[in-house]
Amino acid sequence: MPKANTEKEWKFSMLPQANVFHPTLEEFSNPLKYISSIREVAKTTGIIKVVPPEGWAPPFAVDIDKFLFTPRVQKLNELEAKSRCHFQFMEGLAKFWHLQGVDVKIPHVEYKPLDLYALHKAVLDFGGYEKCCSGKKWVSVCKKLKYKDKSPANTIRQYYEKVVYPYIVFRHVHCGEKLASDDKNITVELIKEKMEKTEYKSPSNTEDKKELLYENLFCKVCKKGDRDDAMLLCDECDEPYHIYCLNPPLEKIPNGEWRCPVCLAKEIDNRQFGFEQAKKEYTLSQFGQMADNFKSRYFKMSAADVPIDRVEEEFWRLVCCVDEDVAVEYGADLLSSELDSGFPTAENAKTDIEKEYADDPWNLTKFADLKESILKYIYEPISGVKIPWVYVGMCFSSFCWHVEDHWTYSINYQHWGEPKVWYGVPDSGAQDFEDLIKTEAPELFTREPSLMHQLVTTLSPKLLYEKGVPVYTLRQQPGDFIITFPRAYHAGFNSGFNFNEACNFATSDWIALGRQCVDQYKEFGRYNVFSHEELLMRMVGKAEGLLLDAAEALAIDLKIMVDREAAQRKGLSKLPTEYLEFELVPDEKRVCRVCNSTMYLSAVVCSCHPEFMYCLLHAKNTCPDRMLTLKYRYTPEELQNIPLAVNQRLPALRRWTKDVRHKKEAKEKPCVEELETLAEEAVSNNYTESDDYIELRSVIDKAHQCIKVTNQLVAIKRRSNRAHNTSPALKITPEELDNFLKQVKELPCRIPDSENLQEHYSKILEFTERCDRALQKNLSRGQYEDLLKESRKLEIDLPQIPLLRQEVKKVQWVEEVVELLKRPTLTFSELQQGLCSGASFPNTKQVEDLRDKLEDKLMTGQRWEEKAQGLLNSRPRPTLPKLQKLLKEADKSGLSLPSAPAVKNTMVKAVEWVRALSDMKLEQSKGHYTSVKQLEAVLVKGQMLPVSLPDVDRLVVKVAAAKSWHDKASKVFVRKGFSKLLEVLSPRGSLATDNSRPLEECLRESTAKEFTEMKKRRGANMLRTEQEERGVISEDDNVYCICRRGWRTNKGVDGAMTQCDLCYDWFHNKCVSIAKHKDLKNSEVMKDVKYLCPVCQRTKRPSVDQALGLLISLRQSGLALPEGVALSYLIERAMEWQEKVRGLLTKHRTFATHTDKQAYIDQHVTVKDRNQIEELMIKGDLIELNLEETTELWNLLNTIDEYVVHEKKRPSSKRSSPHSKASSKPPSPMAAVVVAAAALPTKRKKTPSDDRSTGSGSSTSTARKRRKDKQNTGSDELCSAADCVRPEGAKVGWIQCDTCEKWYHLDCVAVSDKEAESIEDYTCPVCTGGS
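Parameters at a glance
- Residues numbered from 1 in each chain as written.
- Predicted model: local features only at pLDDT ≥ 70, side-chain atom pairs only at ≥ 80, totals over all residues.
- Heavy atoms only, no water.
- Helix = DSSP H or I, 4+ residues; strand = E, 2+ residues; numbered from the N terminus.
- Buried < 20%, exposed > 50% of the residue type's maximum accessible area, 1.4 Å probe, protein only.
- Contact = heavy atoms within 4.5 Å.
- Areas by Shrake-Rupley, 256 points an atom, 1.4 Å probe, with all protein chains shown as cover.
- Patch = residues over 30% accessible without salt bridge, like charges linked within 9 Å, V, L, I, M, F, W, Y side chains within 5 Å.
- Salt bridge = Lys/Arg side-chain N within 4 Å of Asp/Glu carboxyl O.
- Lys, Arg positive; Asp, Glu negative; His and termini not counted.
- Charge placed at Lys NZ, Arg CZ, Asp CG, Glu CD.
- Pairing = 2+ DSSP bridges.
- Axes fitted to C-alpha atoms, helices over the stretch in contact; angles between N-to-C directions.
- Phe/Tyr/Trp six-rings, centres within 6.5 Å; stacked < 30°, edge-to-face > 60°.
- Lys NZ or Arg CZ within 6 Å of the ring centre and 35° of its normal.
- Parallel < 35°, antiparallel > 145°, perpendicular 65-115°, else oblique.
- Left-handed = near helix turned anticlockwise from the far one by under 90°.
- Nonpolar A, V, L, I, M, F, W, Y, C, P; charged D, E, K, R; others polar.
- Arc of directions from axis to C-beta.
- Core = buried A, V, L, I, M, F, W, Y, C linked by side-chain atoms within 4.5 Å.
- Disulfide = S-S within 2.5 Å.
- pLDDT = per-residue confidence, 0-100.

Engineer: I tried to follow the overall build of the protein on my own but got confused; where do I start?
Structural biologist: Assigned secondary structure in the protein consists of 43 helices and 32 strands. Looking at the protein residue by residue over its 1331 residues, the buried ones come to 49%. Long-range contacts, defined here as pairs at least 24 residues apart, represent 74% of the contacts in the protein between residues at least 6 apart. Summed over its atoms, the accessible surface of the protein is roughly 67800 Å², and 50% of this surface lies on carbon and sulfur atoms.

Right, dumping it as structure tokens:
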């Protein structure tokens, strides 16, 4: 948990801020040129921040879910130098005693643990152990350790002598550390002398004791083999020591394992400090979640809400506090080439914006190879130098104080995340910084001289500030660049989760510093990242392309390099030599064995270890000269010639640079041709990369552009006096012309004819003044147009010209609007166009008045439009009066309103609908009725109108009632196949209805026609039957039934047929579904049942009472429908018919009970009476109602026909078929005589032999069952066998089943002729259950 800062007087905000720069887009276009331009100012703070121009934001090119890395673990209290000394001292002290078999416990003084490291430092501050003892300084030591009184002084002294001082002496003797100046080794010698006279006993614990008695063992110190009881054997190297010969000596033989001083020193100094790798691998998103959770838990608030000042204070408190253990993780030095760079690259760029930033010079993946960078001559992809490293930080993760490799520049870009806090010390304070940290932690540098190159040690910037070391700070936000300068120490930490990327670069000013850095590396034995000499030689190889600064710096450093190499070789001139191309040897194979420097120019190799190399400076420290060989890359002559390539180029380059700069600064400007000569020289000598050439080229280009513009402007001046000028104008404003003249004046070269432009510019100014005066007055349209004509001659864009054009347009607009307002009718578009055209004009009284009038008109129209749309779309719908009122307002407005036609059209349709409804009612009163569909159509039209009409609601109820009644009546009357109720309620045939005649009159007329047509049809059907009997009927007339086929077709026999009792037509039983008629199922009673065909019986024929109920319900509803009229007329016909029939039946009531019916008929029934009965029966059958009297009439007529005289013929009783001679009908339906048939075939059943038999029509079973067709033409006509064999021949035998009455060939049912003659009752295989 964070603690409050106890040092209230100090705030990190007191640190001075480092330089911050905001380059322009032009400056930002060349990174290294910009950095060079600010170098002198920027390097004073060591680190700087560069904020890119607004809009520069490269897209992040890393997939956060695929970026896998393993971070480092950082323990904050081990980072600070003093804390590191404390940890290392305590760790070494504990290990010293533990490896000698002693477990040291931290002593407590005055109830608190004694800080042994602080005790050690306090004793050193007072001159060392001897000084503290002789000078009685232990009380002062107590006070320095912040104890209140002097009482613990002796206790502290004893602890020091017993625990600390032996370790200090050991470090002095075996590790080379110096004692305090006043400490002598007197105490050690006294102890040793005393211990030599002491007798020692073996340890009591036999398991842990050391075996002390050895033969032929001699102490490594005194070389004596006596005193075996005081001899110890090292558990590591098995070397023997007297315990009193040790320094410091031991008072007794230790328990457990023991290490000798040599092994102990190795063990204690073995620890190398660094950061451990974490055990977990993260993606960016996982690491970010962990980092945010840590920060939120630590500060107990949202990670984004923690102030950065509080994070900074807490970070340094934790770093400087030894007692608090806080560890964080840091994804540092992650190679971008393996894990992806945050910048887009040419390989992964897909979008246009990614491709743009992939080529941006500030993209760090290519920063080290920019043209001004010295590192471009290093061709190897060095990680962290040329190849960027990426850094994934979390709160408190840090980077310790360090300088960049080889003291190069570094650049760091933050892609996103929370700020990174930086601290920097400029190169001017680098030595002071190094001296301070060595003073604060000398132990660290004693053990590791190159500690500052390891990025593992830090100091608080507060300490640097207080000690006078120049230190600066910066806070890097996302999108910021941080640049560190050569030898500028820098450190910092992350305030939260972020992602940064960094690389190194070097400019020409670095070359000398790079030499100094390599020399320091040699002093500290630090490995080189690259060979400085090899880099210089690569530059020499590209000398023809070097810029002046780089060439001059290179020439100086080459001289130092060559002179030093020559001097060092001079001392080794007697050694044998051997040529070696060092660049072909891996870097790790050409490292000096002593100083670890990378060699390129030369090296010394010893024959005893040829795999090792030594630099010339350390060659004498190896083997004798006779075993050494000098390896060289260049001979002495070649070495001396190395600078020539650069030195030969420098004079010409310096002269050219001097000439260019002289031309730019000369009082008398040169002409453009002189500058072009210098540019051509630069191209021929390969100076084109230099900034001077680039600037020179820019000046020449500008000069040519100015010459071009000047020529055009001079041409304008010459054309201005011509009356007719057709040349294209150069569009330029006075400001642009003024800026152009200034540009011409500022150019470091002469522009021809530029002095003539001032006169033209004066004319322009004079014309501008006249225009300004004219615009302040209200001139006529012609005066303004004259000024415009004059402006065209000047061929220049003046700000007054648009104003003049505007004045012309304003005058024209005023004239047009005045004419517009005089028109009787205006459209919206005209008003809007007028307002739009006048919107840009200045607000004068005339313009405002006209605009107000147009706006009033437009607002009036818009309000009417809103009102019209509101009415048309309103719920409830508007009434007709409202629409009429709205149309009157439209007429008064004087506007052509867009919605007016729609309102008017709606009004017209509504009036027409009301009129149509009134006309319909009028027609109904005249007897012309409207159907339900017509009512529905009228209703739909009314409902679609956006007008509230009262008749619509009433019509809705009326239509619903009409539909309900119509549906009910249809269920009662309409049969399948008849869809229209009116059709089946009306007499047969077409209804001759028109609007001029009442429906009832048409129905009565149709009734008479219906009866006449039926009589004709009955006669025609009887005549056709007679013609069939005689065999004279044509094929066209031989069609029956609803299927309109004959009895025999090409497909075979159609089967039994039944005759309609009304129309006398024949119908196939299958076609009319005779089997479904409950009255016709039994063939024995078929002759006693009346049959009407589907054509004649069109309805379900409900009773008269049902029909009356429907009619009453219709009249009660108040509806007037044509179906109602037809139903009323149908009922009226039925009642009139019933009245007539009942009178006739009453007349012949006694006939049924009369004993001698023949006598009764002869006396009371005439042919006229019979015909009258038949006519009434026909009329009754034509009425689509169930009338019981029709059956009584039919029965009466049949009875009369049975007892009529034999010479009279009567119509056939539909016994069998139209082909049976015994059952043919009379040729005319009005024939007076009928033939009584005693033995006719089964009624309504036609047998296969009916039209083939030549017998008398016997009704016996055998005769009926067995028939042989002697005139057969198709033996399979009516055979019902599933597998009919279709017998052929002159005579084919048949037999009929007495159960199903189906006919079969004898051959098909396996019955012989004799068997058929003897069978009385035959049952077919199907009826018996066979197959």
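Engineer: Sorry, what's going on with a positive patch on the surface here?
Structural biologist: Taken together, the side chains of K789, R792, R805 and K809 define a basic patch exposed on the protein surface. Mapped onto the positive patch, the elements with two or more residues apiece are α26 (781–794) and α27 (800–821). You can see K789 is positioned in helix α26. A relative accessible area of 51% places K789 in the exposed class.

Engineer: Hey, could you run me through the sheet that holds strand β11 (residues 327–335) in this one?
Structural biologist: The pairing of strands in a sheet happens through backbone hydrogen bonds and is either parallel or antiparallel. Pairing within the open sheet is mixed, and its nine strands lie in the order β1-β2-β17-β14-β19-β12-β11-β4-β9. Pairing within the sheet leaves two strands with one partner each, and these edge strands are β1 (19–21) and β9 (276–277). Sheet topology note: the strand β14 (residues 409–417)/strand β17 (residues 481–484) ladder contains four bridges and is antiparallel. Of the residues in β17, the one forming a bridge with S410 is T484.

Engineer: Please clarify how the sheet that holds strand β21 (residues 602–606) should be interpreted in this entry.
Structural biologist: Pairing in this open sheet of four strands is mixed, and the strands run β20-β23-β21-β22 from one edge to the other. Single-partner strands in this sheet number two, and they are β20 (577–579) and β22 (609–614). Going across the sheet, the axis of each strand differs from the next one's by a mean of 35°, ignoring polarity. As defined by bridge partners, β20 adjoins strand β23 (residues 628–632) across three bridges and the pair is classed as parallel. Residue pairing in the sheet places Y579 in a bridge with Y632 of β23.

Engineer: So what exactly am I meant to see when it comes to the packing of aromatic side chains here?
Structural biologist: Aromatic rings considered in pairs are described by the distance between their centres and by the relative angle of their planes. With the rule as written, the count across this model stands at 41 aromatic pairs. Here F12 and W316 contribute two aromatic rings whose centre-to-centre distance is 6.3 Å and whose plane-to-plane angle is 20°, an arrangement assigned as stacked. Remark: W316 occurs in helix α11 (residues 308–320) and F12 occurs in the segment before β1; sequence separation between them is 304 residues. The class of F12 is buried, set by a relative accessible area of 9%. Of the residues examined, W316 reaches a relative accessible area of 4% and is grouped as buried. The positively charged end of R526 is found above the aromatic ring belonging to Y521, 4.5 Å away from the centroid. Sitting above the plane of the F1011 ring, K1179 keeps its charged end 5.0 Å from the centroid.

Engineer: Sorry if this is basic, but what is going on with the side chain of S508 here?
Structural biologist: Tracing the backbone shows S508 in the loop between β19 (498–505) and α17 (510–524). When its relative accessible area of 16% is taken as the criterion, S508 is described as buried. S508 has contacts with I374, D549, A550 and A553, leaving out every residue within four places of it along the chain.

Engineer: It is not clear to me how the packing of helix α40 (residues 1167–1182) against helix α41 (residues 1188–1202) should be interpreted in this structure. Could you clarify?
Structural biologist: Geometrically, a packed helix pair is captured by the angle between its two axes and the distance between the axes. Close contact between α40 and α41 brings their axes to 9 Å; oriented N to C, the two are set at 150°. With respect to each other, α40 and α41 are oriented roughly antiparallel. By crossing handedness, the relation of α40 to α41 is classed as left-handed. Contact residues: α40 offers R1170, I1173, E1174, L1176, M1177, G1180 and D1181, while α41 offers T1190, L1193, W1194, L1196, L1197, I1200 and D1201. Tallied by class, the residues present in the contact of α40 with α41 amount to eight nonpolar, two polar and four charged.

Engineer: Looking at this structure, I do not really get helix α28 (residues 828–838). What am I missing?
Structural biologist: In an α-helix, one full turn covers 3.6 residues, which means residues spaced three or four apart are oriented alike. Of the positions making up α28, those classed as buried are F828, L831, G834, L835 and G838. The buried residues of α28 occupy an angular sector of 135° when projected down its axis, which confines them to one face. Residues Q833 and C836 are exposed on α28 and point more than 90 degrees away from its buried face. In this fold, the buried residues of α28 make contact with α27, β24 (826–827), α29 (845–872) and β25 (895–896).

Engineer: Quick question: what am I supposed to make of the pairing of β14 here?
Structural biologist: Remember that side chains alternate between the two faces of the sheet whenever the strand is regular. With seven of its nine residues buried, β14 lies for the most part within the structure. In the sheet, β14 pairs with β19 via eight bridges, with the strands oriented antiparallel. The residue of β19 that forms the bridge with W416 is F499.

Engineer: Teacher, can you tell me more about the environment of I556 here?
Structural biologist: Along the chain, the position of I556 falls in helix α19 (residues 548–570). The exposure class assigned to I556 is exposed, which follows from its relative accessible area of 57%. Considered as a pair, I556 and A512 are 44 residues apart in the sequence and their alpha carbons are 8.1 Å apart.

Engineer: Just checking my understanding: could you explain the nonpolar core for this structure?
Structural biologist: Side chains of nonpolar character tend, in soluble globular proteins, to be buried together. Of all hydrophobic cores here, the largest spans 156 residues; its most connected members are F367, F396, W401 and V646. Here F367 is in contact with P31, L32, I35, P361, W362, S373, I411, C503 and F505, once residues within four sequence places are set aside. Counting residues in hydrophobic clusters, the runner-up holds 81 residues, among them V847, V938, A962 and A1134.

Engineer: Got a minute to help me understand the packing of helix α38 (residues 1122–1147) against α41 in this structure?
Structural biologist: The interhelical angle for the contact between α38 and α41, taken along N-to-C directions, is 40°, at an axis separation of 10 Å. Viewed along their axes, α38 and α41 form a crossing whose handedness is left-handed. Between α38 and α41, the residues in contact are W1137, Q1138, V1141, R1142, L1144 and L1145 and E1189, T1190, E1192, L1193 and L1196, respectively. Split by residue class, the contact of α38 with α41 holds six nonpolar, two polar and three charged.

Engineer: Got a minute to help me understand the state of the cysteines in this structure?
Structural biologist: Note on terminology: a disulfide is the covalent bond linking the sulfur atoms of two cysteines. Under the counting rule described, the total for this entry stands at zero disulfides. The thiol of C706 is unpaired, and the distance to the nearest cysteine sulfur, on C749, comes to 7.8 Å.

Engineer: How should unusual backbone geometry be read in this particular structure?
Structural biologist: A negative phi holds for most residues other than glycine; trans holds for most peptide bonds. Of note in this structure, F396 is not a glycine but carries a positive phi near 80°. For F396, the position within the fold is in the loop between β12 (389–393) and β13 (398–402). The class of F396 is buried, set by a relative accessible area of 0%. Located in the positive-phi region is W407, a residue other than glycine, with phi close to 60°. Relative to the helices and strands, W407 is located in the loop between β13 and β14.

Engineer: Would you mind going over a negative patch on the surface with me for this structure?
Structural biologist: Together, E848, D852, E855 and D856 give the surface a local cluster of negative charge. As for its position among the elements, E855 is in helix α29.

Engineer: Would you explain the environment of K810 in this entry?
Structural biologist: Mapped onto the secondary structure, K810 falls in helix α27. Between the C-alpha atom of K810 and that of S840, which follows or precedes it by 30 residues, the distance is 9.0 Å.

Engineer: So what exactly am I meant to see when it comes to the pattern of salt bridges here?
Structural biologist: Any two side chains of opposite charge can pair, given that their charged atoms come close. Within this structure, the stated rule accounts for 42 salt bridges. A salt bridge links R475 to E312; the shortest N-O distance between them is 3.0 Å. Of the two residues, R475 is situated in strand β16 (residues 472–476) and E312 in helix α11; the sequence distance between them amounts to 163 residues. Several salt bridges share partner residues, and in doing so they unite R988, E1010, R1098, R1101, R1133 and E1184 into one network.

Engineer: Would you mind going over the confidence of the model for the protein with me for this structure?
Structural biologist: Predicted coordinates in regions of low pLDDT should not be interpreted in detail. The predicted model of the protein averages 77 in pLDDT, with 81% of residues at 70 or higher. This model gives residues 1205–1277 a pLDDT under 50, and the stretch forms 207 contacts once residues within four places in sequence are excluded.

Engineer: How do you make sense of the pairing of β12 when you look at a structure like this?
Structural biologist: Counting buried positions along β12 yields four of five residues, so the element is predominantly enclosed. Direction of pairing for β11 relative to β12: antiparallel, over a ladder of three bridges. Its bridge partner being in β12, G331 is matched across the sheet by V392. Inspection of the sheet shows β12 paired to β19 by five bridges, in the antiparallel sense. Considered in β19, the bridge of W389 is made with A502.

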